[in-house]
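Architecture and fold: a report
Okay, here's what each chain looks like letter by letter:
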Amino acid sequence: MRHQFHPTVLREYDIRGIIGETLGADDARAIGRSFGSLLREAGGSTVAVGYDGRVSSPMLEHALIEGLTASGCDVVTIGMSATPMLYYAEASSEEIDGGIQITGSHNPANYNGFKMVFQGRPFFGEDIQTLGKRAAAGQWVDGNGEVSKRDILDEYVERMLADLAGIEGEALADLKVGWDAGNGAAGPALEALTERLPGEHHLLFTEVDGHFPNHHPDPTVEANLADLRELVASKNLDFGVAFDGDGDRIGAIDSEGRVIWGDQLLMIYAEDVLKTHANATIIADVKASRALFDHVTEHGGQPLMWKTGHSLIKSKMKETGSPLAGEMSGHVFFADTYYGFDDALYAGIRLIAASARLGKSVTELRSAMPNMLNTPEMRFQVDETRKFPAIAEVTERLTTNPGPEVENVNATDGVRVNTKDGWWLLRASNTQDVLVARAESDTQEGLDRLMAQIDEQLALSGLERGESVGH
């Protein structure tokens, strides 16, 4: 037996496709066979499996388990769950050697996919390509694994609540928070968690529905926060928290309805973490505001700008011993008192904890941040064969002949250019045939000049910004 995947589904950070078109049961079975074979050869034998609330997820789970057990792996099923619950099952159990979550994350309802962890580390990049090669060659280990079930919801909630221990009761008792699960997989865990939390909690859309009838579950798109904003305003709440479809990315708004973007959340978390981890390395991706890196320095930390992508950030955290990292996209990773994986429910708890420990409301913390002018993340279509060469051309031009306005160029991930006006970024997406651009300045005039520089560099490579496309 051999299996060939559709060329678009094996991505940099995960496996993702359109059900019935590029992804189906045979693919899931082959993923199980290949992942299970690789794990067996590395000395592992037990895999935790969870799935999100999409209509296609149970079908994929069934086929995935068939593939894993046929490779001789034992499977521990945790059922319908948020992705961080799968990560938790893997991280908290010595018997479990790997994990696979079936999830389409924040993609449209007809998508689905797989996020994987292998012996405590992210499984991505070359790992995923190896998985594809093993399937194409039919190079699989044979065996006959067993399946067992484990209910981890209560244990998972208990573990999150542990991080509020030691905070004065009054600081939490008066808190009023809104939560929007977006009909995603985090809903049941959110209900169980808020039942146990002190304070007043108002919940939206906790019923899991893979059709996402209320709004799309992507909290980085401001339009998707409209219901939460209305809830916070009508109930006079302290702040609001929203999740993506599988619960590993957080979005937030303060009591005035202002969005607290991923890098701004990281500013709050960093200020809290650096009180107990002086001089620690705090990691953020190349899309983050200069204000964040300055804030980390001001509070005694070492800021590190790194590549975008949750798997890449997790790997860099392990390498540097960083207690905290995050991305503009709302992935936040805590390794100070937690496991270092991205968990939006836990990030919600840590926002409550940070506010209490810092003695300031979330709105006060948001108000203290400098008013930078940012563009949203602009994504525009570029042919797959041109996206990386175009970035290489821009980098080459700006490093060999930068021009008087360029102060420095950072090529960590794409090209990030600092000027007296602020900074701009151009990078190739690892998951789509798009280029991503972003710019930040103190003034509108400065922002206009930065955007003109982006357009100039694109034109020199025979490209134009054009209409921004979605995720």
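In short, a report on the structure.

Conventions and cut-offs
Residues numbered from 1 in each chain as written. Predicted model: local features only at pLDDT ≥ 70, side-chain atom pairs only at ≥ 80, totals over all residues. Heavy atoms only, no water. Salt bridge = Lys/Arg side-chain N within 4 Å of Asp/Glu carboxyl O. Helix = DSSP H or I, 4+ residues; strand = E, 2+ residues; numbered from the N terminus. Buried < 20%, exposed > 50% of the residue type's maximum accessible area, 1.4 Å probe, protein only. Axes fitted to C-alpha atoms, helices over the stretch in contact; angles between N-to-C directions. Parallel < 35°, antiparallel > 145°, perpendicular 65-115°, else oblique. Left-handed = near helix turned anticlockwise from the far one by under 90°. Contact = heavy atoms within 4.5 Å. Nonpolar A, V, L, I, M, F, W, Y, C, P; charged D, E, K, R; others polar. Core = buried A, V, L, I, M, F, W, Y, C linked by side-chain atoms within 4.5 Å. Pairing = 2+ DSSP bridges.

This part is about the pattern of salt bridges. Counted according to the given criterion, the structure contains 32 salt bridges. Taking the shortest distance from any N to any O, the salt bridge between R54 and D52 comes out at 3.2 Å. Here D455 ties to R465 by a salt bridge, and the two come within 2.7 Å at their closest N and O atoms. Taken together, the residues D455 in helix α15 (residues 444-460) and R465 in the segment after α15 connect sequence positions 10 residues apart. Exposure remark for D455: the relative accessible area of 29% places this residue in the partly exposed category. R465 sits in the partly exposed class, given a relative accessible area of 23%. Bridged by salt links that share partners, the residues R159, D163, D336 and R350 form one connected network.

Moving on: the packing of helix α9 (residues 262-273) against helix α12 (residues 344-358). Interhelical geometry of α9 versus α12 gives an angle of 55° and a closest axis separation of 9 Å. In terms of axis orientation, α9 runs oblique to α12. As for the relative orientation of α9 and α12, their crossing is left-handed in sense. Contact residues: α9 offers L265, I268, Y269, E271, D272 and V273, while α12 offers A347, G348, R350, L351, A354, R357 and L358. Of the residues belonging to the contact of α9 with α12, the class tally is eight nonpolar, one polar and four charged.

Positive phi outside glycine occurs at N183, with the angle close to 60°. Residue position: N183 is located in the loop between β8 (176-180) and α7 (187-196). Among the residues examined, N183 registers a relative accessible area of 4% and is labelled buried. One non-glycine residue, F212, lies in the positive phi region at around 50°. Within the secondary structure layout, F212 lies in the loop between β9 (200-204) and α8 (226-235). Since its relative accessible area comes to 10%, F212 is described here as buried.

Moving on, we get to the environment of D74. In this structure, D74 sits in strand β3 (residues 74-80). Given a relative accessible area of 31%, D74 falls into the partly exposed group. Spatially, the C-alpha atom of D74 lies 43 Å from that of I253, the residues being 179 residues apart in sequence. Filtering out sequence-adjacent residues up to four positions away, D74 remains in contact with S45, T46, V47, G145 and E146.

Mapped onto the secondary structure, L60 falls in helix α2 (residues 57-70). What makes L60 buried here is its relative accessible area of 0%. Taking the C-alpha atoms as reference points, L60 and I19, 41 residues apart in sequence, are found 9.7 Å from one another. Residues in contact with L60, not counting those within four places in the same chain, are I19, L23, G24, A25, A28, I102, N112 and F114.

Ranked by size, the top nonpolar core spans 74 residues in total, and within it Y269, L324, L345 and L351 carry the most contacts. Element by element, the count of residues in this core is highest for α12, at 10 residues. The residues contacting Y269, other than those within four sequence positions of it, are I250, L324, V332, F334, A347, G348, R350 and L351. Formed by 31 residues, the second largest nonpolar core is a distinct cluster that contains V9, L60, L68 and L131.

What follows covers the sheet that holds strand β13 (residues 281-285). Read from one edge of the open sheet, four strands run β14-β13-β15-β16, paired in mixed fashion. The strands lining the two open edges of the sheet, one partner per strand, are β14 (302-306) and β16 (332-334). Along the sheet, successive strands turn relative to each other by an average axial angle of 15°, direction set aside. Looking at chain direction, strand β15 (residues 324-326) and β16 are connected through three bridges and run antiparallel. Directly across from A325, in β16, lies its bridge partner F333.

So yeah, pure geometry; function would need other evidence.
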